[in-house]
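Structural features, examined
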Amino acid sequence: MHVRAYTIGDQMTFKTVYDQWFTGVIDDLRRDTVYINGQAFSYKEIAAIKRDKAGRGWAPALIAVGVGYLAIGAFNGAYRKDAAKDWYSKTDFIVSGALVATGATLLATKTKYYQMGRKYKLLYLQIGKR
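The following paragraphs examine the structure supplied in this document. (Residues numbered from 1 in each chain as written. Predicted model: local features only at pLDDT ≥ 70, side-chain atom pairs only at ≥ 80, totals over all residues. Heavy atoms only, no water.)

1. Some remarks on the overall build of the protein chain
Defined as follows: Starting at the N terminus, helices and strands are each numbered in turn, a helix being any DSSP run of H or I of at least four residues and a strand any DSSP run of E of at least two. Contacts are residue-level and defined by heavy atoms, with any inter-residue pair within 4.5 Å sufficient. Only the protein chains shown count as covering a residue, and every accessible area follows the Shrake-Rupley method with a 1.4 Å probe. Under the counting rule used here, the positive set is Lys and Arg, the negative set is Asp and Glu, and His together with the chain ends is not counted. In plain terms, the charge of a residue is placed at NZ if it is Lys, CZ if Arg, CG if Asp and CD if Glu.
In terms of helices and strands, the protein chain carries two helices and six strands. Traced from its N-terminal end to its C-terminal end, the protein chain shows the element sequence β-β-β-β-β-α-α-β. Taking all contacts inside the protein chain whose residues are at least 6 apart in sequence as the whole, residues at least 24 apart take part in 55%. Per element, the accessible surface of the protein chain, about 9600 Å² overall, is 57% carbon and sulfur. Averaging the coordinates of the 20 positive side-chain charges in the protein chain and doing the same for the 10 negative ones gives two points 6 Å apart.

So this is what it looks like as C-alpha cells:
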C-alpha cells in the first residue's frame, strides 16, 4: 500500500538509524541519497518518518469553544443572579464535553510515526535518465 511520496522541495521529518531526528526541505534526490538542508542521507539510514496529519488545525478552536460555552453559561447565570445549580443543563455539559473531547482526540492523533521495517518500507524509485 502506498502511503506517501516525497520529492524535491517537500518538507520531511525523519529519524535516522543513529537515533537522531532531522527536519528540513529535500534539496535533492540522487543515487539512493536524500539531501536535506545540505546533508546527505542514504535512504537506508532512515529508520522512521514523522508525518503530521492535515486538517487538525481546528482542535484548539474546538477545545476553546467547549470551555467558552461553559464560561458563558456561568457568566450569564451569575449576571441573572440565578442559583449556581441552575446555570447549566445536561445538554450544556454534553455539548461542551463533546467539543472538548473531539478537540483533544484530534490533538492526540495529529502526528503519526512510520517505523521502517516490517510494516513500512522506504523505497527509492529512480525515474528518468540513468
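Right, picking up where we left off after that structure.
2. Re helix α1 (residues 59–79)
The criterion, for reference: What a helix is expected to span follows from its residue count: subtract one and scale by 1.5 Å. Accessibility here uses a 1.4 Å probe with only protein chains present; expressed as a share of the type maximum, an area under 20% marks a residue as buried, one over 50% as exposed, and anything in between as partly exposed. By definition, the arc is the one covered by directions from the helix axis to the C-beta atoms.
Here α1 spans 30 Å end to end across 21 residues, near enough to the 30 Å set by a 1.5 Å rise per residue. Within α1 the residues assigned to the buried category are A59, G66, G73, A74 and G77. Across the axial projection of α1, the buried residues extend over an arc of 95°, all falling on one side. The exposed set on the far side of α1, more than 90 degrees from its buried face, consists of I72, F75 and Y79. Each element contacted by the buried residues of α1 is listed here: α2 (90–108). Phi turns positive one or two residues past the end of α1, at K81, with a value near 60°.

3. Considering the pairing of strand β2 (residues 21–30)
Which entries qualify depends on this criterion: Two strands qualify as a pair provided DSSP detects at least 2 bridges between them.
As paired strands, strand β1 (residues 11–16) and β2 are joined by five bridges and run antiparallel to one another. If you follow T13 over to β2, its bridge partner there is T23. If you look at the hairpin formed by β1 and β2, you'll find four residues sitting between the two strands, and D19 has a positive phi there, around 65°. Hairpin connection of β2 to strand β3 (residues 33–36): two residues between the antiparallel strands, including R31 at a positive phi of 45°.

4. Section: the side chain of S96
By secondary structure assignment, the location of S96 is in helix α2. Overall, the relative accessible area of 3% leaves S96 in the buried class. Those residues in contact with S96, other than ones at most four positions away along the chain, are G66, V67, Y69 and L70.

5. Details of the sheet that holds strand β6 (residues 111–115)
We count it as follows: Axis definition: a line fitted to C-alpha atoms, over the contacting stretch in the case of helices. Angles run 0 to 180 degrees between N-to-C directions.
Strand order in this open sheet of six strands is β4-β3-β2-β1-β5-β6, and the pairing throughout is antiparallel. Of all the strands in the sheet, the pair left with one neighbour each is β4 (39–42) and β6. For this sheet, the mean inter-axis angle between neighbouring strands, taken without regard to orientation, is 45°.

6. So, the packing of aromatic side chains
The cut-off we apply is this: Ring pairs are drawn from Phe, Tyr and Trp, using the six-membered ring of Trp, whenever the two centres fall within 6.5 Å, and their geometry is named by plane angle: stacked under 30 degrees, edge-to-face over 60, tilted for the rest.
The final tally for this structure, using the stated rule, is six aromatic pairs. Relative to F41, the ring of F22 lies with its centre 4.8 Å away and its plane at 55°, an arrangement referred to as tilted. Linking F22 in strand β2 with F41 in strand β4, this pair joins segments that are 19 residues apart in sequence. Both residues of the pair, F22 and F41, belong to the buried class. By way of ring pairs, the aromatic residues F14, F22 and F41 are connected into one cluster.

7. Here we look at the packing of α1 against α2
Defined as follows: To sort the angles, those under 35 degrees are grouped as roughly parallel, those over 145 as roughly antiparallel, those from 65 to 115 as roughly perpendicular, and the leftovers as oblique. Crossing handedness is read from the near helix: turned anticlockwise from the far helix by less than a right angle, it gives a left-handed crossing, and turned clockwise, a right-handed one. Here the term charged refers only to Asp, Glu, Lys and Arg, the term nonpolar to Ala, Val, Leu, Ile, Met, Phe, Trp, Tyr, Cys and Pro, and the term polar to all other amino acids, Gly among them.
Interaxial distance between α1 and α2 falls to 7 Å at its minimum, and their mutual angle equals 160°. It follows that α1 is roughly antiparallel to α2 by the angle criterion. Here α1 and α2 pass one another in a crossing that is left-handed. Each of A59, P60, L62, I63, V65, G66, V67, Y69 and L70 in α1 lies in contact with α2, whose residues at this interface are D92, F93, V95, S96, L99, V100, T102, G103, A104, L106 and L107. Partitioning the contact of α1 with α2 into residue classes produces 15 nonpolar, four polar and one charged.

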